[in-house]
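Structural features, examined
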Amino acid sequence: MKIAVIGPGAMGMLFGSYLSQKHDVTLVGTNPAKMQTITESGVTIREMDGSERTYHPRATADTAALSPVDLVIVQVKASASEAALTKNQNLIGPETILMTLQNGMGHDALLSRFAVRGQIVIGTTQQGSYKLGEASVCHSGLGKTFLGAVTGDSARFAALAGVFADCGFPCEVCAQVQGMIWDKLMINASSSVLSGILQVAQGYVEQDPHAWALAEKLIRELCAAATAEGYPFDADEQIARIRLHLQKAPDGFTSIYADLKAGRRTEVDVINGAVVAAGRRHNIPVPTHEFVVELVHAMETRA
């Protein structure tokens, strides 16, 4: 396949590199110097066992001369999605599959402006990575990637799931992929956002009684909103699951932590903001999520 990965951050470089083993992959970024570095030296990935391998996908900051590809994967921050898709919309043809593996939810509304809904794939992944350098990442998490259609039968994308599996990413098509996205949101909209606000590792959220009390409120409100959307979750089960996850991996730092530390705009609007939107649709109170969204935005605008 001809594949374009828009957004060569840690996850974009990870997926683009693995897929380049068997496919024609182009990483699309905005920094010409970084794209030149990748072109000349490749992307180095350090695995969890300490081994390293360098991959050589194509890389460019200018796609004006390129033709439509078979698959476009959007991996930029949510706030950058519209600009990135507008700049690179020549990569999207009538047969192009437009896919998002971004954090949060609600991305399909924007993607629908650039491709017909039948060609849009939304997904979530248990893979993880973080940047070591400009063109190097640590592959820090393993697990499945789940894909599903926005409309129609998701089974028609089984071959696409096979592409990911053949390149080292266990992948399956999921008829209820929105439920999987809600499932991932449980951590992102609770412990992850609190670790960012407090500027601590995620384990602190579980260990500190005040932080954990806030996390429980966020989880319970999220479960109520998801259930109203048609994806029922048991709040007590989710609280126990997330607490166990944090106990097993207490030293984790999240993207929202890094964004707030660096003074960047975060993705809170598609994470906690998605819970707020669902609460409003179903007249369900989610005051803790509303407070978190406003607090994070206030932190973003600090000098």
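For the structure itself, consult the block above.
Residues numbered from 1 in each chain as written. Predicted model: local features only at pLDDT ≥ 70, side-chain atom pairs only at ≥ 80, totals over all residues. Heavy atoms only, no water.

Two numbers describe how helix α6 (residues 177-198) lies on helix α10 (residues 255-262): the axes approach to 7 Å, and their chain directions differ by 20°. With respect to their mutual orientation, α6 and α10 come out roughly parallel. The hand of the α6/α10 crossing is right-handed. The residues of α10 that touch α6, namely those facing S192, V193, S195, G196 and I197, are I256, Y257 and L260. (Axes fitted to C-alpha atoms, helices over the stretch in contact; angles between N-to-C directions. Helix = DSSP H or I, 4+ residues; strand = E, 2+ residues; numbered from the N terminus. Parallel < 35°, antiparallel > 145°, perpendicular 65-115°, else oblique. Left-handed = near helix turned anticlockwise from the far one by under 90°. Contact = heavy atoms within 4.5 Å.)

Right, let's get into unusual backbone geometry. Peptide bonds are mostly trans, and most non-glycine residues show a negative phi. If you check the backbone angles, Q199 has positive phi at about 55° while not being a glycine. Checked against the element boundaries, Q199 lands in the loop between α6 and α7 (202-207). With a phi close to 55°, N283 is a non-glycine residue in the positive phi region. In this structure, N283 sits in the loop between α11 (272-281) and α12 (287-300).

With respect to the helices and strands, H289 occurs in helix α12. We classify H289 as buried; its relative accessible area is 0%. (Buried < 20%, exposed > 50% of the residue type's maximum accessible area, 1.4 Å probe, protein only.)

What follows concerns the nonpolar core. In this structure, V72, L85, L98, W182, L185 and V193 are the most contacted members of the largest nonpolar core, which totals 61 residues. Ranked by residue count, the leading element in this core is α6, at ten residues. Contact partners of W182, with chain neighbours within four places excluded, come to M105, L222, A225, A226, E229, Y231, F233, A274, V275 and A278. Core analysis: the next-biggest nonpolar cluster, separate from the first, contains 35 residues, I38, Y55, I97 and A161 among them. (Core = buried A, V, L, I, M, F, W, Y, C linked by side-chain atoms within 4.5 Å.)

Its place among the elements puts R156 in the loop between β11 (145-149) and α5 (158-166). As for R156 and D49, which are separated by 107 residues in sequence, their C-alpha atoms are 36 Å apart. Residue contacts for R156: discarding those within four places in its chain leaves G118, A149 and T151. Polar contacts involving the side chain of R156 include one to the main-chain carbonyl oxygen of T151, which spans 3.1 Å. At 2.8 Å, the side chain of R156 forms a polar contact with the backbone oxygen of D153. (Polar contact = N/O pair within 3.5 Å; in protein donor to acceptor, adjacent residues only side chain to side chain.)

Attention now moves to the side chain of Q75. Along the polypeptide, Q75 turns up in the loop between β6 (71-74) and α3 (81-87). For Q75, a relative accessible area of 13% translates into the label buried. Leave out the neighbours within four places in its chain, and Q75 touches V5, I6, G7, M11, G12, F15, L101 and Q102.

With that out of the way, let us pick up the sheet that holds strand β7 (residues 97-100). The strand order across the open sheet built from eight strands is β5-β2-β1-β6-β7-β8-β11-β12, with neighbouring strands paired in mixed fashion. The two strands at the open ends of the sheet, each matched to only one other strand, are β5 (58-60) and β12 (171-173). Direction aside, neighbouring strands of the sheet carry axes that sit 25° apart on average. Across the sheet, α5 lies against β6, β7, β8 (120-125), β11 and β12, angled at about 175° from β12, the strand it touches most. Most of the contacts of α6 go to β8, to which it runs at about 35°, and overall it touches β8 and β11. (Pairing = 2+ DSSP bridges.)

Spacing of three or four residues puts side chains on the same side of an α-helix, whose turn is 3.6 residues. Taking 1.5 Å per residue as the helical rise, helix α8 (residues 209-228) with its 20 residues ought to reach 28 Å, and the 29 Å between its terminal C-alpha atoms agrees with that figure. Looking at α8, one finds that the buried residues are A211, W212, A215, L218, I219, E221, L222, C223, A225 and A226. Its side-chain oxygen placed 3.1 Å from the backbone nitrogen of H210, D208 serves as the N-cap of α8. (Expected span 1.5 Å × (residues − 1).)

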